[in-house]
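Residues per chain, in single letters:
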Amino acid sequence: MTTETWTLDASAGGQLAVRTDVTGRASKMGHRLTIAVTSWTATVEWSGDAPAAVSLTAEVGSLEVIHGEGGLTPLIGPEKIVAKANALKTFDADRYPTIRFQSSEVTSADSGFRLVGTAEIHGVSREIAVDVTATDLGDRWHIESETTVRQSDYKITPYSQMFGAMKVVDEVIVTFDAEYRKP
């Protein structure tokens, strides 16, 4: 049985991102953000023709606000800086600088694989399942996933302002999109 290790990261054009939504009486004032994690590494250990283990490490301090929808005004440079500062404070990035995922089980699914494992965010470890789509494009593999994560499950208090009249929704969407070029 052949074994192989893939390493994926942002330098090869991959993207790990978080999408937020807002709620509350003043939610029209808030932006629905897309926040990229610009420093991350994923490792896929293969055994034969199937992955046997997957791990991912992301650096919280590398968060960059890349897009914002809604709000009373467009999300431009200064507002992106404030949004990033708020996100880093919410994550308590100085105290918890790294997010990790380590699979404990990898099974085949309809269009790829289901990863069950432990996510460590904000110093809290919880089991999570992630469905990953893997598409063979001939010369490379395209890998993508979209997973809902509840911030409060990891003892994160979602960002709010105006005494809670505008706040980030507890559930955020974590997306992953990368390609691995075949040798």
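So, how was this worked out
Residues numbered from 1 in each chain as written. Predicted model: local features only at pLDDT ≥ 70, side-chain atom pairs only at ≥ 80, totals over all residues. Heavy atoms only, no water. Pairing = 2+ DSSP bridges. Helix = DSSP H or I, 4+ residues; strand = E, 2+ residues; numbered from the N terminus. Patch = residues over 30% accessible without salt bridge, like charges linked within 9 Å, V, L, I, M, F, W, Y side chains within 5 Å. Areas by Shrake-Rupley, 256 points an atom, 1.4 Å probe, with all protein chains shown as cover. Salt bridge = Lys/Arg side-chain N within 4 Å of Asp/Glu carboxyl O. Buried < 20%, exposed > 50% of the residue type's maximum accessible area, 1.4 Å probe, protein only.

Student: Please clarify how the sheet that holds strand β13 (residues 166-168) should be interpreted in this entry.
Tutor: Strand pairs in the sheet, formed through backbone hydrogen bonds, run parallel or antiparallel to each other. Reading across the sheet, the three strands line up as β3-β13-β12 and stay open at both edges, with antiparallel pairing between neighbours. The sheet terminates laterally at β3 (22-23) and β12 (160-161), the two strands that pair on one side only. Examined bridge by bridge, β12 and β13 share two bridges and lie antiparallel to one another. Bridge pairing links S160 to K167 in β13.

Student: Where do I start with the environment of S27 in this structure?
Tutor: Along the polypeptide, S27 turns up in the loop between β3 and β4 (31-37). Once the C-alpha coordinates of S27 and M166 are considered, the two residues, 139 residues apart in sequence, prove to be 4.9 Å apart.

Student: For this particular structure, what's the right way to read a nonpolar patch on the surface?
Tutor: The grouping of M29, L72 and M162 at the surface amounts to a nonpolar patch, some 290 Å² of accessible area in total. Positionally, M29 belongs in the loop between β3 and β4. Here M29 falls in the partly exposed class, since its relative accessible area comes to 37%.

Student: Would you mind going over the pattern of salt bridges with me for this structure?
Tutor: Close approach of charged atoms allows side chains of opposite charge to pair. Scanning the entire structure with this criterion turns up 11 salt bridges. For R95, the salt bridge is made with D92, and the minimal N-O distance between the two is 4.0 Å. The exposure class of D92 is partly exposed, given its relative accessible area of 27%. D139 is the salt-bridge partner of R181, the closest N and O atoms lying 2.7 Å from each other.

Student: Sorry if this is basic, but what is going on with the pairing of β4 here?
Tutor: In regular strands, side chains alternate between the two faces of the sheet. Across the seven residues that make up β4, a large majority, six, are buried. Direction of pairing for β4 relative to strand β7 (residues 63-70): antiparallel, over a ladder of seven bridges. In the sheet register, I35 faces β7, and the bridge partner there is V65.

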